[in-house]
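Residues per chain are reported as follows:
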Amino acid sequence: MSTEQQNIESTTNSTDVATEATNTATNSTSTDNNNSASTSSTETTNTTAPSTETTSNDTTASTTTTTTTATTAAATTTNNKRKETDTQQPKYIETRIRKKAREALDLISNTKQRQASLFNLLGNDYTGPTEQQLEMIFRLFSRNGKTIGADELKSVIRAMGKRPLTRRIDKILNECDENGNGTIEMDEFVRYMQKKAMEKAKTLGLLGESDEEEEESEGGDTDEEKEDAPKKKAANAKPKAKKSTKKSTTTAAATTTTTTTSTTTTTQANTPKAVIKQPSFFQPIKKGSSIVHYYTENAGTHINTNVELDQYSNPKGVEHDLGVEGAFTQFTILIGIFYDGTDLECIKDLKSKGFQIVESRTQKDFIEKLPQSDIALIISGYRNDNSTTEQEFTDKVEAYHKVGKGLFIWNDNTPYILQGNWITNRLYGVTAAGNEPGKQDLTLGNGLDKQHFSSHLVTSGIVNLYEGITISSFADITPANGKLEVLASSSQGNKIMLVSSTDPTKVDANCGRVVVDSGFTKLFAQFFSAGTSRYVKNCCVWLLALDHRFRLGVEVSGEIEKPKEVPVWQYLHGTWNDYDNDASKVVEDAYQEWLTNPYTDVRSVKSGAWAYQIDFKQNKQTNIQHFAHTTRDIRRVLKNVVKPTIN
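How each quantity is defined
Residues numbered from 1 in each chain as written. Predicted model: local features only at pLDDT ≥ 70, side-chain atom pairs only at ≥ 80, totals over all residues. Heavy atoms only, no water. Helix = DSSP H or I, 4+ residues; strand = E, 2+ residues; numbered from the N terminus. Buried < 20%, exposed > 50% of the residue type's maximum accessible area, 1.4 Å probe, protein only. Contact = heavy atoms within 4.5 Å. Salt bridge = Lys/Arg side-chain N within 4 Å of Asp/Glu carboxyl O. Core = buried A, V, L, I, M, F, W, Y, C linked by side-chain atoms within 4.5 Å. Pairing = 2+ DSSP bridges. Expected span 1.5 Å × (residues − 1). Arc of directions from axis to C-beta. Phe/Tyr/Trp six-rings, centres within 6.5 Å; stacked < 30°, edge-to-face > 60°. Polar contact = N/O pair within 3.5 Å; in protein donor to acceptor, adjacent residues only side chain to side chain. Right-handed = clockwise from strand over helix to strand, strands pointing away. Axes fitted to C-alpha atoms, helices over the stretch in contact; angles between N-to-C directions. Parallel < 35°, antiparallel > 145°, perpendicular 65-115°, else oblique. Left-handed = near helix turned anticlockwise from the far one by under 90°. Nonpolar A, V, L, I, M, F, W, Y, C, P; charged D, E, K, R; others polar.

Engineer: So what exactly am I meant to see when it comes to the overall build of the protein here?
Structural biologist: Regarding its fold elements, the protein presents 17 helices and 22 strands. The buried share of the protein, reckoned over its 647 residues, is 46%. Intrachain contacts of the protein at a sequence separation of at least 6 include 69% that bridge at least 24 residues.

Engineer: Looking at this model, I keep getting lost on the pattern of salt bridges. Mind explaining?
Structural biologist: A pair can form between side chains of opposite charge whenever their charged atoms are brought close. Scanning all chains against the criterion turns up 18 salt bridges. Across the pair aspartate 633 and lysine 620 runs a salt bridge whose closest N-O atoms are separated by 2.4 Å. In this pair, aspartate 633 sits in strand E22 (residues 631–641) while lysine 620 sits in strand E21 (residues 620–623), placing the two residues 13 residues apart along the sequence. Residue lysine 620 is classed as partly exposed on the basis of its relative accessible area, which comes to 34%.

Engineer: Quick question: what am I supposed to make of the side chain of arginine 632 here?
Structural biologist: Following the sequence through the fold, arginine 632 ends up in strand E22. With sequence-adjacent residues up to four places away left out, arginine 632 is seen in contact with Asp170, Asn174, Tyr571, Leu572, His573, Asn619, Lys620 and Gln621.

Engineer: Mind showing me how you'd approach the nonpolar core here?
Structural biologist: Within soluble globular proteins, side chains that are nonpolar tend to cluster in buried spots. Of all hydrophobic cores here, the largest spans 85 residues; its most connected members are Leu153, Ile291, Tyr295, Phe355, Phe408 and Tyr535. It is helix H15 (residues 532–543) that provides the largest number of residues to this core, a total of seven residues. Contacts of tyrosine 295, omitting those with residues within four sequence positions, involve Met136, Leu140, Leu322, Val324, Val541, Trp542, Leu546 and Asp547. Core analysis: the second largest hydrophobic core is formed by 26 residues, Leu407, Ile423, Leu427 and Val430 among them.

Engineer: Help me out: how do you make sense of the environment of alanine 432 in this one?
Structural biologist: Residue position: alanine 432 is located in the loop between helix H14 (418–428) and strand E9 (433–437). The buried category is assigned to alanine 432, whose relative accessible area is 3%. Measuring from C-alpha to C-alpha, the distance between alanine 432 and isoleucine 471 comes to 9.6 Å, with 39 residues separating the pair along the chain.

Engineer: Looking at this model, I keep getting lost on the pairing of strand E14 (residues 484–489). Mind explaining?
Structural biologist: Each regular strand displays side chains that alternate between the two surfaces of the sheet. Counted residue by residue, E14 has five buried out of six residues, so it is predominantly covered. Looking at chain direction, E14 and strand E15 (residues 495–500) are connected through five bridges and run antiparallel. Within E15, the residue paired with valine 486 across the bridge is leucine 498. Here E14 folds back onto E15, and the loop between the two strands holds five residues, one of which, glycine 493, carries a positive phi near 90°.

Engineer: Just to check I follow, could you spell out helix H17 (residues 581–596) for this structure?
Structural biologist: Along an α-helix, residues three or four positions apart point the same way, because every turn accommodates 3.6 residues. For H17, spanning 16 residues, the distance from its first C-alpha to its last is 23 Å, which sits close to the expected 22 Å at 1.5 Å a residue. Those residues of H17 that sit buried are Ala583, Ser584, Val587, Glu588, Ala590, Tyr591 and Trp594. For H17, the arc enclosing every buried residue in end-on projection is 165°, short of the 170-degree limit, so these residues lie on one face. H17 presents Lys585, Asp589 and Thr596 as exposed residues on the side facing more than 90 degrees away from its buried surface.

Engineer: What exactly am I supposed to notice about the side chain of histidine 401 here?
Structural biologist: Mapped onto the fold, histidine 401 is located in helix H13 (residues 390–401). The contact partners of histidine 401, leaving out residues within four places of it in the chain, are Leu407, Leu427, Tyr428, Asn510, Cys511, Gly512 and Val514.

Engineer: I keep staring at the packing of aromatic side chains and nothing clicks. Help me out?
Structural biologist: Each aromatic ring pair is characterised by the separation of its centres together with the angle its planes make. Counted under the stated rule, the structure contains 23 aromatic pairs. Aromatic side chains phenylalanine 366 and phenylalanine 393 sit 5.7 Å apart centroid to centroid with 25° between the ring planes, which places their arrangement in the stacked category. Here phenylalanine 366, found in helix H12 (residues 363–369), pairs with phenylalanine 393, found in helix H13; they are 27 residues apart in sequence, far enough to count as distant. The same class applies to phenylalanine 366 as to phenylalanine 393, namely buried. Both rings, one in phenylalanine 520 and one in phenylalanine 524, keep their centres 6.1 Å apart while their planes meet at 70°; by these two values the pair is edge-to-face. In this structure, phenylalanine 520 and phenylalanine 524 share a single accessibility class: buried. By the ring-pair criterion, three or more aromatic residues cluster together here, those being Tyr339, Tyr382, Tyr416, Phe520 and Phe524.

Engineer: What's the story with H14 in this structure? I'm lost.
Structural biologist: Among the 11 residues in H14, eight count as buried, and that is most of the element. Residues of H14 that are buried include every one of Gln419, Gly420, Asn421, Trp422, Ile423, Thr424, Leu427 and Tyr428, and no others. Where H14 terminates, the next one or two residues include glycine 429, which has phi positive at roughly 75°.

Engineer: Teacher, can you tell me more about the environment of aspartate 476 here?
Structural biologist: Positionally, aspartate 476 belongs in the loop between strand E13 (470–473) and E14. Counting along the chain gives 44 residues from aspartate 476 to alanine 432, while the straight-line C-alpha distance between them is 9.1 Å. A polar contact is formed between the side chain of aspartate 476 and the side chain of threonine 478, at a distance of 2.8 Å.

Engineer: Could you clarify how one ought to interpret unusual backbone geometry in this entry?
Structural biologist: Leaving glycine aside, a negative phi is the common case for residues, and trans is the common case for peptide bonds. Of note, the bond from threonine 414 into proline 415 is cis; its omega dihedral lies within 30 degrees of zero at 20°. Structurally, proline 415 can be placed in the loop between strand E8 (406–410) and H14. Positive phi outside glycine occurs at asparagine 386, with the angle close to 65°. Summarising the element assignment, asparagine 386 is placed in the loop between strand E7 (375–379) and H13. For asparagine 386, a relative accessible area of 64% corresponds to the exposed category. A positive phi angle, near 55°, is found at alanine 545, a position not held by glycine. Inspection of the secondary structure puts alanine 545 in the loop between H15 and helix H16 (546–552).

Engineer: What should I look at first to understand the environment of lysine 286 in this one?
Structural biologist: With respect to the element layout, lysine 286 can be found in the loop between strand E4 (263–266) and strand E5 (332–337). In this structure, the C-alpha to C-alpha distance between lysine 286 and glycine 161, residues 125 residues apart in sequence, is 7.9 Å.

Engineer: What is the right way to read the pairing of E7 from this model?
Structural biologist: Burial runs high along E7: five of the five residues are buried. Neither face of E7 is exposed, since Ile375, Leu377 and Ile379 on one face and Ala376 and Ile378 on the opposite face are all buried. Note that E5 and E7 share five bridges and pair parallel. Residue pairing across strands places isoleucine 333 opposite isoleucine 375, the latter belonging to E7. Here E7 pairs with E8 via five bridges, running parallel. Counterpart to alanine 376 in the pairing with E8 is leucine 407. For the crossover that starts at E7, traverses H13 and ends in the parallel E8, the hand is right-handed.

Engineer: Please clarify how the packing of H13 against H14 should be interpreted in this entry.
Structural biologist: For any two helices packed against each other, the geometry comes down to the angle between their axes and how far apart the axes lie. Contact pair H13 / H14: the axes reach a minimum separation of 10 Å and the direction vectors enclose 60°. It follows from the interaxial angle that H13 and H14 lie oblique. In this structure, the crossing between H13 and H14 has a hand that is right-handed. Along the contact surface, H13 presents Glu390, Gln391, Phe393, Thr394, Asp395, Val397, Glu398 and His401, while H14 presents Gln419, Trp422, Ile423, Arg426, Leu427 and Tyr428. Considered class by class, the residues forming the contact of H13 with H14 number six nonpolar, four polar and four charged.

This is the structure we're talking about:
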């Protein structure tokens, strides 16, 4: 039995145990009530009988005492049974079952089992990403595949459709970063989201309130700070808190506000009003505002256990693609076909993802239609059709590339490499050549090794990939200066597939992504073989650079502006982390004011719900609103950044 099956079985058994326990308690109560009623009736008869006899005073007194004691005991037993019955009213049975199921799951040490149980408990009420989607988002933005820092965490939060506010990032790091090195691991991040799911469940009344409420020590992570500000002041009023405490005869539920450790009490802890806010991580989000609307939960993986495989040992099903089926209706692919061949088999697959397809068969028509597309797919021919010059053609394509648009360049064996070589030579100084016999399947591994391809988002869900019939290759890519990486090597060990680097230190943030493949014959129906369909779809989804756009904070479509050098303020939390854009602007304004009047070293600034004292001489900030008065080092740096267009 697989681990996943064991987890499911454990969850089912735990729930069944809780249900059986509740039903047993209910049946027991019903039986005891019937017995109590019978006993009470009998004892009442015994009590009235001696009162009609007058044989002896002593005997009468003794009998009366005995029967009175029996009656009192019976009444006490009956009252206890009635209390037990009252505490198990039918309208609370389902809630008790859920709670018992959760408590049973708490005994299970398997973290993923408990995570799955709570995410599933929310059912249709849960609007956030699933556990698998959270792991996918984490994989997308983790540079080492294991941890993320503050900058990467901002991308993760934005990819979830939320605002990467400094206080939110700081709070998550404080709660998840156990060793204080400024990074968090995938399990830590998922557990944090699990806690948010539990808060949502409590808000909806699916789980009972715990005895100890969570303290929002860093100001919470909701977006509604301005709307709730007046309520916070009212909640912190001491007279009301004392008055409420006197009236309550039991321990009241304490709800921590997002400012200090002051609390407010309530006499009805089980009412929805006791929870001031619903965790904003799980508020409904606008379609297209999260990466999960575009990427499947299997993005970046290749094969899972217990999945059906096709004849090439690749997993079956569109859920193993990089992109979500039908999610790309707002995007257009322009296909420039400069080779006089048969129709492309891949077009129907691209349409299944929602892409709009536009075809062009002359160089002039192609460059005229470029601005209206999001991806340009170029199938090289062997001659210039003379509708444009090489200079005119490459000028337009380079301009297209420098505003964030994607290029999918297809060559084949020499001489079918003309337009592709124009572009790669212009952008990177590299060209393809050769006439190598292919006809082999490449396997997952290291793309620098003979007959292998590397693990990459474009190879998601692929274990074996056809290389093509006759192919060209790239002898040397060093002139690209690291801007291109080898994705695959042919059955003869030559470099036949290239992808643009995603390393921000090697490529400009405004430039689009590029994929180069040297075997376009596999696009035709008669050669459409192992993994080709999924590979083409994955490449087009990746060329949209959606994960990169979420990282930058720009719209998912349209042009990306060229980076500009701007001052950015950073704070030290393990590593140096950027303030969010609004906070950085506030501190920069205070800094500029300090430059004109440096005699006062300390400035008070406010960002969102927080107030700080900034000492520009010492480069320190102190949170004067938080009870701990956290002090951190800060600094000002100049960075080339793309101006964000979304929060």
